[in-house]
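Residues per chain are reported as follows:
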Amino acid sequence: MKNDVAFRIERYRRIIDVSLDLASTLDLNELLKRINRLAVELTNAEASSILLYDERKNQLYFAVADNPETEAALSSVVVPPESIAGWVATHREAVFVPDVQQDQRFFRNVEQMLNFQTRSIMATPMLIKGRLIGVLETLNKQNGPFTEEDLEMLMVLSAQAAVAIENSRLFQQGDLINELVHEIRTPLSSISTISYLLQRPDVSETQRQELAGMIQKEIERLNGLTNTFLDYSRLESGRMRFTPTPFDLSGLIEECVRIVSPQAIEKGVRLEKELAANLPIFNGDRDKLKQVLLNLLSNAIKYNRPRGDVTLKLWRNEKTLFISVSDTGVGIPPEDLPHIGERFFRAGNVERKVTGTGLGLSICKHIVEAHAGQMQVSSQINQGTTFTIELPLKDPA
Ligand SMILES: Nc1ncnc2c1ncn2[C@@H]1O[C@H](COP(=O)(O)OP(=O)(O)OP(=O)(O)O)[C@@H](O)[C@H]1O
Ligand SMILES: [Mg+2]
């Protein structure tokens, strides 16, 4: 009995950890993975799945795969009340099914697809004030049948999971779309003004040329914006694919420098590069790394002073490739440094007329981390900033 109490307390402690853990991420994919892991762990089950509810279509769909085989199930949908999860969704009630083979509601399609032998299921609705977010299921208790206590744990987890999922959705959709609209409106309204001017009869041919050029520029900006947002949302949802190939670093550097030099010339900034002689052939996603370099270089130019310098350096040691981009610009205030790389974050000392979304660096960070690397920043206000990237070099063996 005493043991029982200790066990209970231990479980409640776990629940508190869980709620802290779930509250600490707003990345939906990561969140779903954590919920899945916790469901298995808390109920001592073999597997677990999360079905999210689409209110408009009245469908449940599998949202997370805990092994490669389950990925096949991700496209399958359940229409309540069919299947056990569907029953839970319809009745907004938890179920315990000790032997699924004896249960009419059991849905064999998914099981066949998964190549997974289900014996028992426990499923709870994920609800917020009675509104259904999804269904959380755990499958096959490791030893013996699921208990009332397991059910209680799963219910507590479901309630917390529902809130965490809702939060992350609101954060992602709300902010991203608001920001996108906000960013798109500015170039749109300039295009509208310019085209109005273009239609006036008193505009000279030279002015006409100039205005057409401005439209072209705004359109390029819009294009850039949509790409940034797409990249960002792909990264966030884990849909971005990385394809590593071996490539020559100096070729990549030449290309990047060529792309940003018009921007540097326009701003009157000098670009220099220092490449070590012993650079390796690097194995990584060339296009994605190009994007990282372009954003760092364009920041270094954008946040520089006229006649400032930008220096791009590459060197290596046995295990690591280092890339740094330094500038002699406005710098980043010390209180803002910890927030650099957070999405939409722009430092307080940036002039309003310098346009940007504050997404560039968070995309860089994601990409560098996807290469098992890291990015650091050091900065002195009004002196300059250095971003340094470290990328592990794969052991040739
Ligand atoms: N080299 C730099 N010097 C000074 N501040 C910088 C530098 N690089 C980045 N920052 C600061 O970090 C913020 C975030 O940079 P980030 O590249 O993510 O966004 P952005 O340049 O504002 O917009 P975007 O890259 O999406 O067009 C910038 O707004 C700026 O305040
Ligand atoms: Mg930027």
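Quick caveat: nothing in here was measured; it's all calculated off a predicted structure.

Draft legend 1. Region of the structure containing the site of ligand 1. Around ligand 1, 22 residues are found, and the nearest of them are Asp 327, Arg 346, Ala 347, Thr 357 and Leu 361. Contact distances for ligand 1 include 3.2 Å between an oxygen atom and a side-chain N or O atom of Asn 295. Taking Lys 302, its side chain carries an N or O atom lying 3.1 Å from an oxygen atom of ligand 1. For ligand 1, whose unbound accessible area comes to 590 Å², protein coverage reaches 94%. Among the secondary structure elements, those contributing two or more residues to the shell around ligand 1 are helix H8 (286–302), helix H9 (360–370) and strand E13 (384–392). Among the elements that line the shell around ligand 1, the one with the most residues is H8, at 4 residues. Grouping the amino acids of the shell around ligand 1 by side-chain chemistry returns 11 nonpolar, 8 polar and 3 charged.

Draft legend 2. Region of interest: the pairing of strand E6 (residues 131–141). Of all the 11 residues making up E6, 10 are buried; the element is thus mostly covered by neighbouring parts of the structure. Sheet topology places strand E1 (residues 45–54) next to E6; 7 bridges connect them, and they run antiparallel. In the sheet register, Ile 50 faces E6, and the bridge partner there is Leu 136. In this sheet, E6 lies alongside strand E5 (residues 121–128) in antiparallel orientation, the contact comprising 8 bridges. Across the sheet, Met 122 pairs through a bridge with Thr 138, a residue of E6. The loop that links E5 with its antiparallel partner E6 comprises 2 residues; one of these, Lys 129, has a positive phi angle of about 45 degrees.

Draft legend 3. Highlighting the sheet that holds strand E4 (residues 95–97). Read across the open sheet, the 6 strands follow the order E3-E2-E1-E6-E5-E4; overall the sheet is antiparallel. If you trace the sheet from one side to the other, it starts and ends with strand E3 (77–78) and E4, each paired once. Packing of helix H2 (residues 28–43) onto the sheet brings it into contact with E1, E5 and E6, and relative to E1 it is tilted by some 140 degrees.

How each quantity is defined
- Residues numbered from 1 in each chain as written.
- Chains lettered and ligands numbered in written order.
- Predicted model: local features only at pLDDT ≥ 70, side-chain atom pairs only at ≥ 80, totals over all residues.
- Heavy atoms only, no water.
- Near = heavy atom within 4 Å.
- Polar contact = N/O pair within 3.5 Å; in protein donor to acceptor, adjacent residues only side chain to side chain.
- Areas by Shrake-Rupley, 256 points an atom, 1.4 Å probe, with all protein chains shown as cover.
- Helix = DSSP H or I, 4+ residues; strand = E, 2+ residues; numbered from the N terminus.
- Nonpolar A, V, L, I, M, F, W, Y, C, P; charged D, E, K, R; others polar.
- Buried < 20%, exposed > 50% of the residue type's maximum accessible area, 1.4 Å probe, protein only.
- Pairing = 2+ DSSP bridges.
- Contact = heavy atoms within 4.5 Å.
- Axes fitted to C-alpha atoms, helices over the stretch in contact; angles between N-to-C directions.

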